[in-house]
Amino acid sequence: MLDNDEFRLETSPRELTQNPLRKIWMPCVNEHIAHRRVCMTNCPTVIVTVGLPARGKTYISKKLTRYLNWIGVPTKEFNVGQYRRECLKIYKSFEFFRPDNEEGLKIRRQCATAALNDVRQYLSVEGGQVAVFDATNTTRERRGTIVKFAEQNGYKVFFVESVCEDPDVIAQNIVQVKLGSPDYIHCDTEEAIEDFMKRIKCYESSYQPLDEVLDRDLSYIKIMDVGRRYLVNRVMDHIQSRIVYYLMNIHITPRSIYLCRHGESDLNIKGRIGGDSGLSTRGQEFAKSLRKFIQDQDIKDLKVWTSQMKRTIQTAECLGVPYEQWKSLNEIDAGVCEEMMYEEIQEHYPLEFAMRDQDKYRYRYPKGESYEDLVQRLEPVIMELERQKNILVVCHQAVMRCLLAYFLDKTADELPYLKCPLHTVLKLTPMAYGCKVESVYLGIDSVNTHRDRPENVTVQRSTEDALETVPAHF
Amino acid sequence: MIVMVGLPARGKTYISKKMTRYLNWIGVTTKVFNVGQYRRDATRIYNSFEFFRPDNTEAMKIRKACAITALKDVCDYFTKELGQVVVFDATNTTAERRELILSFAKENGYKVFFVESICDDPDIIEENIKQVKLSSPDYVGCDKEEAVADFLKRIECYKQTYVPLDDDKDRSLSYIKIFNVGSRYLVNRVQDHIQSRIVYYLMNIHVTPRSIYLCRHGESELNLTGRIGGDSGLSSRGAQFASALGTYLRGQCISDLKVWTSHMKRTIQTAEALGVQYEQWKALNEIDAGVCEEMTYEEIQENYPEEFALRDQDKYRYRYPRGESYEDLVQRLEPVIMELERQENVLVICHQAVMRCLLAYFLDKSAGELPYLKCPLHTVLKLTPVAYGCKVESVFLNIEAVNTHRDKPVNVDVDRDPAEALETVPDHI
């Protein structure tokens, strides 16, 4: 980050140099411009959940953390219940949570403090941008402590309160995530539910929801009845605005997301990347199999999305259902390397080829894109995927890797090497705090287009070393 | 149908117009129906607030008739003009009136989304009245103090019968309630994608006075040779412009100016000369001309005469082979616009096609006009939101530059002569 806020009265502008990996133009002095697509925040933010047990706080915390990390905002969640488990070792019963249990209260306060210390470590020392403080935080007093902590450290605070009185939703919640909790490992279902309900009761008497009047100076969103209604107060900056938008678009209605690539294309067979070719014979076979697969799945109201490239559209055409084309789903733009084989890239651009292996996520093809660019371009797709119900996305290798990384919480380093083979459908079903994945290979042969990271990524490596992991092709 | 709700001087028309401008820009055909306008057409002359008294039965009849006429026009807009969204701008302060609208919508199969603006801050209301009411046709020829007094009495007339959207009774309706110009929002039952986008937009706009400065990079080496696209550096005149830009901005004495550039060398070089922090946005990169990158128009005509003609036929929707269209550009720039709405004083150093798109948003230009907006080099446009629109000041910083503006030629047929195709190409080396 440039520290210099004053006007510099130099007569000539600084020389620019283009970073060879990311193709970003920077002044070539010993200064480091911390480049970010959008300057999300000036200071770190603590997102604080508020709500009775079984209101979806941890679900929201984890999902929000996953989303923020995916769009490039380093985020970490801190679940106070986890600290409590580590402290107590063994959970006996709801009695621990009784408001008159002095010993219990002391321990719980200590756990919250320990968690806040870790928050400080993450935000001020480790370079984190957002910390999600996941606990009930149901009293004004506890929230006041957190606000003071944030003030002392120069953090912004944004509260996310989940309010829900629907007994069915709460029961569903308990079944989905509480029964499997370490707290109830040795209990039978009925015992566990009964104990948990009593636990909720312990919090109810002292619960002070965020108040329109008393808390009017705080920044928060109150989510009511699993998203039917929202109250949003004093959004302070860009990241809070994005968080609100995200929270308002997610839902918990059961559904499945199907991800697959287009059928094998003519360029795939020749080992060439990019381009806009049509399906090979086997690719067409795949499209037909896909049609059968979809019919057998018997999915209610399935939406189908494709890119604007011929091969995905040809695949969708075979399904015989309406589909929507998204330019944002187009394959990564390989710029000057479009339609080349890896062998040709090595021959013509050995330096570029090596740099790509060094940092495949951030590497931008000359006159093309990087995976990092792809994520930015795909964010509106993810937002709309969150809004939708059953959906099939027919896309491309790099695009599918990005989408998959979002759903499966993969890091930027793992993302470019996720395995997304042709002719294989991934069925993602949201479950508990994550996503169940079923991989279905539709039985039609195809080339392999996955190139692993080679051992030698130095720019002086031999051609052989560079091409070591290139998959076979014609 | 987006239906506004709220007492007079609560910003309903401001929101209506702004939202309509945004929706049209992102490609959703939208139109505002302002019932007050219908009333003015019906009554011709405005006498006083007495017209709005709740016990004025004659006036009530007229007002209801106006609403119904407006609704009929809404129907025509949807069915005959194939509009996608209508903004129904009126007070709609009674449950009865809203019920009328809901029945109408139900009969016709339209979704309804209410936008209620609630404000009890007397300063905001007074500012509102000054900015837009005093110059209304209703108060032409009135003395300022008279107008304000009359308008305040008009508001009183509505207050008596005002029933805000109710948390309980209206819980099955879709709506957003905006409190005190955005410090708080209540959002209920968002039904679909467009409503979700509208809510996001409304939650990001503000009314704090500020200015947006738009300009292109200084003249580049490729500009001089009449070539499009590429990633070249500034020419010497371009560097002079960058320096002059710095001087100009210092003279403007802007507090907390944010500076944005694209990822292309020429905008960054321009920003570097300012000696302040700037932020690079890939989304601000110039339109990708695909196979035509770094060509002159003469070369495009020679190598791709059909493409060249197609572009002249529909410059907004035309996509360069392996490149982008203006339409694609708008989609890519939407997050930039959203962030511009959130910001205060900003200078955006960008490119010709990009600047045209941004300008079209602020000045409400159609898709037909957009690709031909004049955005010459070395000229800064200062946009200041005012009343319902935007004031534009154009400042040429007095450094000579090539002209890069190519008008639509007379003949756009694919079988035209090269001379006709190149008729409007500006001079270059």
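Residue indices follow the written sequence of each chain, beginning from 1 at its first position. Whichever chain is written first is A, and whichever ligand is written first is 1; the rest continue in order. Residues qualify for local features only when their pLDDT is at least 70, as the model is predicted, and side-chain atom pairs are given and counted only at 80 or more; totals for whole chains, interfaces and linings, by contrast, use all residues. Working from all heavy atoms in the structure, the side-chain values ignore hydrogens and water.

### A closer look at the overall build of chain A
So, step 1. What counts as a helix is a DSSP run of H or I of at least four residues, what counts as a strand is a run of E of at least two, and both are numbered from the N terminus. The secondary structure content of chain A amounts to 15 helices and 14 strands.
So, step 2. Radius of gyration: over C-alpha atoms. The globule rule applied is 2.2 Å multiplied by the number of residues raised to the 0.38 power. In terms of overall dimensions, chain A is globule-like: its C-alpha atoms have a radius of gyration of 25 Å, near the 23 Å expected for 474 residues.
So, step 3. By its C-alpha atoms, chain A is 75 × 70 × 40 Å across when sized along the principal axes.
So, step 4. Under the convention used here, a 1.4 Å probe and the Shrake-Rupley method define accessible areas, while residue burial counts only the protein chains that appear. Put simply, chain A shows about 21,700 Å² of open surface, and 50% of that area lies on carbon and sulfur atoms.
So, step 5. When charges are tallied, Lys and Arg are placed among the positive residues and Asp and Glu among the negative ones, while His and the ends of the chain are skipped. Where a charge sits is defined by one atom per residue type, namely NZ (Lys), CZ (Arg), CG (Asp) or CD (Glu). When the 65 basic and 69 acidic side-chain charges of chain A are each reduced to a single mean position, those positions are 3 Å apart.

### Topic: the overall build of chain B
So, step 1. The helix and strand inventory of chain B stands at 15 helices and 12 strands.
So, step 2. By principal-axis analysis of the C-alpha atoms, chain B measures approximately 75 × 50 × 40 Å.
So, step 3. For every residue, the accessible area obtained with a 1.4 Å probe (protein chains only) is divided by the maximum for its type, and the residue is called buried under 20%, exposed over 50%, and partly exposed between those limits. Here chain B holds 429 residues, and the buried ones make up 57% of them.
So, step 4. On chain B, roughly 18,300 Å² of surface is accessible, and the fraction owed to carbon and sulfur atoms is 50%.
So, step 5. Each charge class in chain B was averaged separately, 55 positive and 63 negative side chains, and the resulting centres sit 5 Å apart.

### Digging into the interface of chain A and chain B
So, step 1. Between two residues, a contact is recorded if the distance between any of their heavy atoms is within 4.5 Å. Contacts between chain A and chain B engage 53 residues on the former and 47 residues on the latter.
So, step 2. Taken over both partners, the interface formed by chain A and chain B buries close to 4,200 Å², and the fraction arising from carbon and sulfur atoms is 49%.
So, step 3. On the chain A side of the contact with chain B, Trp25, Arg229 and Tyr245 of chain A bury the most area, a combined 16% of that side's loss.
So, step 4. Contacts described as polar in this section are N or O atom pairs within 3.5 Å, which, within protein, must combine one atom able to donate a hydrogen with one able to accept it, while residues neighboring in sequence count only if both atoms come from side chains. Applying the counting criterion to the chain A and chain B interface returns 19 residue pairs in polar contact (both at pLDDT 80 or more).
So, step 5. Elements with a contribution of two residues or more to the side of chain A that touches chain B: β1 (16-18), β2 (25-27), β8 (229-233), α7 (238-249) and α13 (371-387) of chain A.
So, step 6. By residue number, the principal contributor to the side of chain A that touches chain B is α7 of chain A, which donates seven residues.
So, step 7. A breakdown of the residues in the side of chain A that touches chain B according to their chemical character gives 21 nonpolar, 10 polar and 22 charged. Summed over both partners, the accessible area (1.4 Å probe) lost when two parts come together is defined as the buried area. Residue polarity is assigned by list, with Asp, Glu, Lys and Arg as charged and Ala, Val, Leu, Ile, Met, Phe, Trp, Tyr, Cys and Pro as nonpolar; anything else, Gly included, falls into the polar class.

### What about the packing of α7 of chain A against α13 of chain A?
So, step 1. Here, axes are lines fitted to C-alpha atoms. For helices the fit covers the stretch in contact, and angles between N-to-C directions go from 0 to 180 degrees. Interhelical geometry of α7 of chain A versus α13 of chain A gives an angle of 35° and a closest axis separation of 8 Å. Across the interface between the two elements, Arg242, Tyr245, Tyr246, Met248 and Asn249 of chain A from α7 of chain A touch Glu379, Met383, Glu386 and Arg387 of chain A from α13 of chain A.

### Overview of the nonpolar core
So, step 1. In this structure, Leu68, Trp70, Ile221 and Leu403 of chain A together with Ile176, Leu284 and Leu358 of chain B are the most contacted members of the largest nonpolar core, which totals 113 residues.
So, step 2. With sequence-adjacent residues up to four places away left out, Leu284 of chain B is seen in contact with Trp260, Thr261, Ser262, Arg332, Leu333, Val336, Val348, Cys350, His351, Val354 and Leu358 of chain B.
So, step 3. By size, the runner-up hydrophobic cluster in this structure holds 87 residues, among which are Leu231 of chain A together with Ala9, Val35 and Phe51 of chain B. Among buried residues, the Ala, Val, Leu, Ile, Met, Phe, Trp, Tyr and Cys ones that are joined through side-chain atoms within 4.5 Å form a nonpolar core.

### Topic: the environment of Phe133 of chain A
Residues and elements named next belong to chain A.
So, step 1. Its location among the elements puts Phe133 in strand β5 (residues 130-134).
So, step 2. Sequence separation between Phe133 and Leu116 is 17 residues, and the spatial gap between their C-alpha atoms is 8.0 Å.
So, step 3. Setting aside chain neighbours within four positions, we find Phe133 in contact with Val46, Ile47, Val48, Thr49, Phe78, Val80, Ala112, Ala115, Leu116, Val119 and Ile146.

### Some details on the packing of aromatic side chains
So, step 1. To pair, rings of Phe, Tyr and Trp, with the six-membered ring standing in for Trp, must have centres within 6.5 Å; the planes then decide the type, stacked if under 30 degrees apart, edge-to-face if over 60, and tilted in the middle. With the rule as written, the count across this model stands at 31 aromatic pairs over all chains.
So, step 2. Ring geometry for Phe104 of chain B versus Tyr110 of chain B: centroids 5.8 Å apart, planes at 65°, classification edge-to-face. No difference in accessibility class separates Phe104 of chain B from Tyr110 of chain B, as the two residues are buried.
So, step 3. Among the aromatic residues, those joined into a ring-pair cluster are Tyr91, Phe96, Phe97, Tyr184, Phe196 and Tyr203 of chain A.

### Things to note about the UniProt feature "binding site: substrate" (unreviewed entry) in chain B
Residue and element names in this part refer to chain B.
So, step 1. UniProt positions are given in the numbering used here, feature names are shortened, and annotations may be inferred rather than shown by experiment. The positions UniProt marks with the feature "binding site: substrate" (unreviewed entry) are Arg216, His217, Gly218, Glu219, Ser220, Glu221, Leu222, Asn223 and Arg266. The greatest C-alpha distance among the residues just named is 14.1 Å, despite their covering 51 residues of sequence, which places them together in space.
So, step 2. Apart from residues lying up to four places away in sequence, His217 is in contact with Asn223, Phe241, Arg266, Thr267, Thr270, Ile349, Cys350, His351 and Leu377.
So, step 3. At 3.3 Å, the side chain of His217 and the side chain of Arg266 are in polar contact.
So, step 4. In contact with Leu222, not counting residues within four places along its chain, are Arg227, Gly229, Gly230, Asp231, Ser232 and Glu294.

### As for helix α5 (residues 122-133) of chain B
Residue and element names in this part refer to chain B.
So, step 1. Taken as a whole, α5 has its buried residues at Ile125, Asn128, Ile129, Val132 and Lys133. When α5 is viewed along its axis, its buried side chains cluster within an angular range of 105° and face the same direction.
So, step 2. On the buried face of α5, the contacting elements are α6 (144-159).
So, step 3. A side-chain oxygen of the first residue of α5 lies 2.9 Å from the backbone nitrogen of Asp123; this N-cap is Asp121. Here, the arc refers to the directions that run from the helix axis to the C-beta atoms.

### A few points about a negative patch on the surface
So, step 1. Judged by side-chain charge, Asp413, Asp415, Asp417, Glu420 and Glu423 of chain B come together as a negatively charged surface patch.
So, step 2. Its relative accessible area of 30% is what places Glu420 of chain B among the partly exposed residues. The patch calculation keeps residues exceeding 30% relative accessible area without a salt bridge and links them within 9 Å when they carry like charges or within 5 Å when they are nonpolar (Val, Leu, Ile, Met, Phe, Trp, Tyr). Any carboxyl oxygen of Asp or Glu within 4 Å of a side-chain nitrogen of Lys or Arg constitutes a salt bridge here.

### Thoughts on the pairing of strand β12 (residues 391-395) of chain A
Residues and elements named next belong to chain A.
So, step 1. Most of β12 sits out of view: five of its five residues are buried.
So, step 2. Along β12, one buried face is formed by Ile391, Val393 and Cys395 and the opposite face, lined by Leu392 and Val394, is buried too.
So, step 3. In terms of strand pairing, strand β9 (residues 257-261) meets β12 through five bridges, oriented parallel. If you follow Tyr258 over to β12, its bridge partner there is Leu392.
So, step 4. The criterion for strand pairing is that DSSP finds at least two bridges linking the strands in question. One ladder, built from four bridges, connects strand β10 (residues 303-306) with β12; its direction is parallel. Counted as the bridge partner of Val304 is Leu392 from β12.

### Observations concerning the side chain of Gln388 of chain A
Residue and element names in this part refer to chain A.
So, step 1. Mapping Gln388 onto the fold places it in the loop between α13 and β12.
So, step 2. At 2.9 Å, the side chain of Gln388 and the side chain of Glu384 are in polar contact.
So, step 3. Filtering out sequence-adjacent residues up to four positions away, Gln388 remains in contact with His251, Arg255, Lys303 and Trp305.

### A short note on the UniProt feature "domain: 6-phosphofructo-2-kinase" (unreviewed entry) in chain B
So, step 1. In this structure's numbering, the residues bearing the UniProt feature "domain: 6-phosphofructo-2-kinase" (unreviewed entry) are residues 1-209 of chain B.
So, step 2. For residues 1-209 of chain B, the helix share is 48%, the strand share is 14%, and the end-to-end C-alpha distance is 30 Å.

### Description of the packing of helix α1 (residues 57-70) of chain A against α7 of chain A
Residue and element names in this part refer to chain A.
So, step 1. Running from N to C, α1 and α7 point in directions that differ by 120°, and their axes come no closer than 11 Å. Judged on the interaxial angle alone, α7 and α1 are oblique. The element α1 and its partner α7 pack so that their crossing is right-handed. Seen from α1, the contacting residues are Ile60, Lys63, Leu64, Tyr67 and Leu68; seen from α7, they are Ile239, Arg242, Ile243, Tyr246 and Leu247.
So, step 2. Taken together, the residues of the contact of α1 with α7 break down into eight nonpolar, no polar and two charged. An angle below 35 degrees is read as roughly parallel, one above 145 as roughly antiparallel, one from 65 to 115 as roughly perpendicular, and any other as oblique. A clockwise turn of the near helix away from the far one marks a right-handed crossing, whereas an anticlockwise turn of less than a right angle marks a left-handed crossing.

### Notes on the sheet that holds strand β9 (residues 279-280) of chain B
Residues and elements named next belong to chain B.
So, step 1. Read across the sheet, six strands follow the order β9-β8-β10-β7-β11-β12 without closing on themselves; strand pairing throughout is mixed. Of all the strands in the sheet, just β9 and β12 (389-396) have a single pairing partner and so form its edges.
So, step 2. When strand β7 (residues 212-216) meets strand β10 (residues 346-350), the two strands line up parallel, connected through five bridges. By the bridge assignment, Ile212 is partnered in β10 with Val346.

### Quick word on the side chain of Arg377 of chain A
So, step 1. Mapped onto the elements, Arg377 of chain A comes out in helix α13.
So, step 2. A polar atom in the side chain of Arg377 of chain A sits 3.2 Å from the backbone oxygen of Glu331 of chain A.

### Overview of the sheet that holds strand β4 (residues 75-79) of chain A
So, step 1. Reading across the sheet, the 12 strands line up as β4(A)-β5(A)-β3(A)-β6(A)-β7(A)-β8(A)-β6(B)-β5(B)-β4(B)-β1(B)-β3(B)-β2(B) and stay open at both edges, with mixed pairing between neighbours. Edge positions in the sheet fall to β4 of chain A together with β2 (30-34) of chain B, since each has one partner strand and no second. Ignoring which end each strand starts from, the neighbouring axes of this sheet average 15° apart.
So, step 2. Two elements, β4 of chain A and β5 of chain A, share five bridges in a ladder whose sense is parallel. In the strand pairing of β5 of chain A, Asn79 of chain A is matched with Asp134 of chain A.
So, step 3. Of the strands in this sheet, β4 and β5 of chain A touch helix α2 (residues 80-88) of chain A, which is tilted by about 50° from β4 of chain A.

### What to know about the UniProt feature "active site" (unreviewed entry) in chain A
Residues and elements named next belong to chain A.
So, step 1. The feature "active site" (unreviewed entry), as given by UniProt, occupies His262 and Glu331 in the numbering adopted here. Separation in sequence by 70 residues is not matched in space for these annotated residues, since their most distant C-alpha atoms are only 10.7 Å apart.
So, step 2. Here His262 lies in the loop between β9 and α8 (266-269).
So, step 3. A polar contact of 3.4 Å, which involves the side chain of His262, links it to the side chain of Arg311.

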